[in-house]
Amino acid sequence: LGDMARDVLGDPARAERCWMEILALAEAPVLDKLLALQRKRGATVERARTCVRLAELHAPANKELLEEAGAMFAAGGELAHARVIADQLVFAHADDLDALGCATDIGVALGEPGLILGWLRRLERLEERARGVESGPRLAALWRKRGDAERASAHQARRQCRRGP
């Protein structure tokens, strides 16, 4: 019915209602359609919940869906849910700068600089071990976002030293 409402009747609101009613089945194709409509209308919290449900079903796309869910929960004012997502991202993708960037944005929205500091220090340790990963500029940007200009400059300088004159 959702497909018919969207494709034949041209009624995306009705399609969304149909798909919401069968959400309990948690089928990925239905959730994908629902998410597309929610993105199109600019939904926040509903979209975040759909992303979380899809992330549970789609292991490969899990990180991107969790990042979107975290951002949407934060935008919708559901900060407790956003915090849970940020913790999941940092735990499951500790060495991923995109995941850490999303978690940092959530930490800023939460007003928890200590939380962000712990995440960034963890990433610094990972970067020290990897050494081959060029993450200096992005890590510097995350430190700047946290308000630590000194550490941001240090990461920028490390990058310059690695590249040489």
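Described in the following lines is the structure provided in the data block. Because the structure is a prediction, the values reported are computed rather than measured.

### Observations regarding the overall build of the chain
Consideration 1: Summing up its helical and strand segments, the chain has 10 helices and 0 strands in all.
Consideration 2: Helices and strands appear in the chain in the N-to-C order α-α-α-α-α-α-α-α-α-α.
Consideration 3: Within the chain, counting contacts between residues at least 6 apart in sequence, those at least 24 apart form 49% of the total.
Consideration 4: Accessible surface computed for the chain: about 9,000 Å², of which carbon and sulfur atoms make up 55%.

### Concerning the pattern of salt bridges
Consideration 1: Under the definition given, this model contains 10 salt bridges.
Consideration 2: Salt-bridge contacts for Arg 41 lead to Glu 16; the nearest nitrogen and oxygen are separated by 2.8 Å. A residue pair is termed long-range when its members are at least 10 positions apart, and Arg 41 in helix H3 (residues 28–41) and Glu 16 in helix H2 (residues 12–21) qualify at 25 residues.
Consideration 3: We classify Glu 16 as buried; its relative accessible area is 11%.
Consideration 4: Its salt-bridge partner being Glu 68, residue Arg 39 comes within 2.5 Å of it at the nearest N-O pair.

### Thoughts on the packing of helix H4 (residues 45–57) against helix H5 (residues 62–75)
Consideration 1: Remark: H4 packs on H5, axes separated minimally by 8 Å, with the N-to-C direction vectors making an angle of 160°. Relative to H5, the element H4 lies roughly antiparallel. Once H4 is placed against H5, the crossing between them reads as left-handed. Across the interface between the two elements, Val 45, Arg 47, Ala 48, Arg 49, Cys 51, Val 52, Leu 54 and Ala 55 of H4 pack against Asn 62, Leu 65, Leu 66, Glu 68, Ala 69, Met 72 and Phe 73 of H5.

### Thoughts on the side chain of Glu 67
Consideration 1: Structurally, Glu 67 can be placed in helix H5.
Consideration 2: Overall, Glu 67 belongs to the buried group, its relative accessible area being 16%.

### Considering a nonpolar patch on the surface
Consideration 1: Nonpolar side chains collect at one region of the surface, where Met 4, Val 8 and Leu 9 lie side by side and expose about 320 Å² of accessible area between them.
Consideration 2: Within the secondary structure layout, Val 8 lies in the loop between helix H1 (2–7) and H2.

### Examining the packing of H2 against H3
Consideration 1: Contact pair H2 / H3: the axes reach a minimum separation of 10 Å and the direction vectors enclose 140°. On the basis of the axis angle, H2 is oblique to H3. When the axes of H2 and H3 are compared, the crossing they make is left-handed. Contacts between H2 and H3 pair Pro 12, Ala 15, Glu 16, Trp 19 and Met 20 from the former with Val 30, Lys 33, Leu 34, Leu 37, Gln 38 and Arg 41 from the latter.
Consideration 2: For the contact of H2 with H3, the residue count by class is 7 nonpolar, 1 polar and 3 charged.

### Topic: the nonpolar core
Consideration 1: Core analysis: the largest hydrophobic core is formed by 33 residues, its most contacted members being Leu 100, Trp 119, Leu 120 and Leu 139.
Consideration 2: Mapped onto this core, the elements with two or more residues apiece are H3, H4, H5, helix H6 (79–92), helix H7 (97–110), helix H8 (113–130) and helix H9 (136–146).
Consideration 3: Among residues more than four places away in sequence, those in contact with Trp 119 are Ala 86, Asp 87, Val 90, Leu 100, Ala 103 and Thr 104.
Consideration 4: Core analysis: the second largest hydrophobic core is formed by 6 residues, Ala 5, Ala 15, Trp 19 and Leu 34 among them.

### As for H5
Consideration 1: The end-to-end C-alpha separation of H5 is 20 Å, in line with the 20 Å expected for 14 residues at 1.5 Å each.
Consideration 2: Turning to H5, its buried residues number three or more, namely Lys 63, Leu 65, Leu 66, Glu 67, Glu 68, Ala 69, Gly 70, Met 72 and Phe 73.
Consideration 3: Those residues of H5 that are buried are in contact with H3, H4, H6 and H7.
Consideration 4: At the C-terminal side of H5, Gly 77 shows a positive phi close to 80°.

Criteria and thresholds
- Residues numbered from 1 in each chain as written.
- Predicted model: local features only at pLDDT ≥ 70, side-chain atom pairs only at ≥ 80, totals over all residues.
- Heavy atoms only, no water.
- Helix = DSSP H or I, 4+ residues; strand = E, 2+ residues; numbered from the N terminus.
- Contact = heavy atoms within 4.5 Å.
- Areas by Shrake-Rupley, 256 points an atom, 1.4 Å probe, with all protein chains shown as cover.
- Salt bridge = Lys/Arg side-chain N within 4 Å of Asp/Glu carboxyl O.
- Buried < 20%, exposed > 50% of the residue type's maximum accessible area, 1.4 Å probe, protein only.
- Axes fitted to C-alpha atoms, helices over the stretch in contact; angles between N-to-C directions.
- Parallel < 35°, antiparallel > 145°, perpendicular 65-115°, else oblique.
- Left-handed = near helix turned anticlockwise from the far one by under 90°.
- Patch = residues over 30% accessible without salt bridge, like charges linked within 9 Å, V, L, I, M, F, W, Y side chains within 5 Å.
- Nonpolar A, V, L, I, M, F, W, Y, C, P; charged D, E, K, R; others polar.
- Core = buried A, V, L, I, M, F, W, Y, C linked by side-chain atoms within 4.5 Å.
- Expected span 1.5 Å × (residues − 1).

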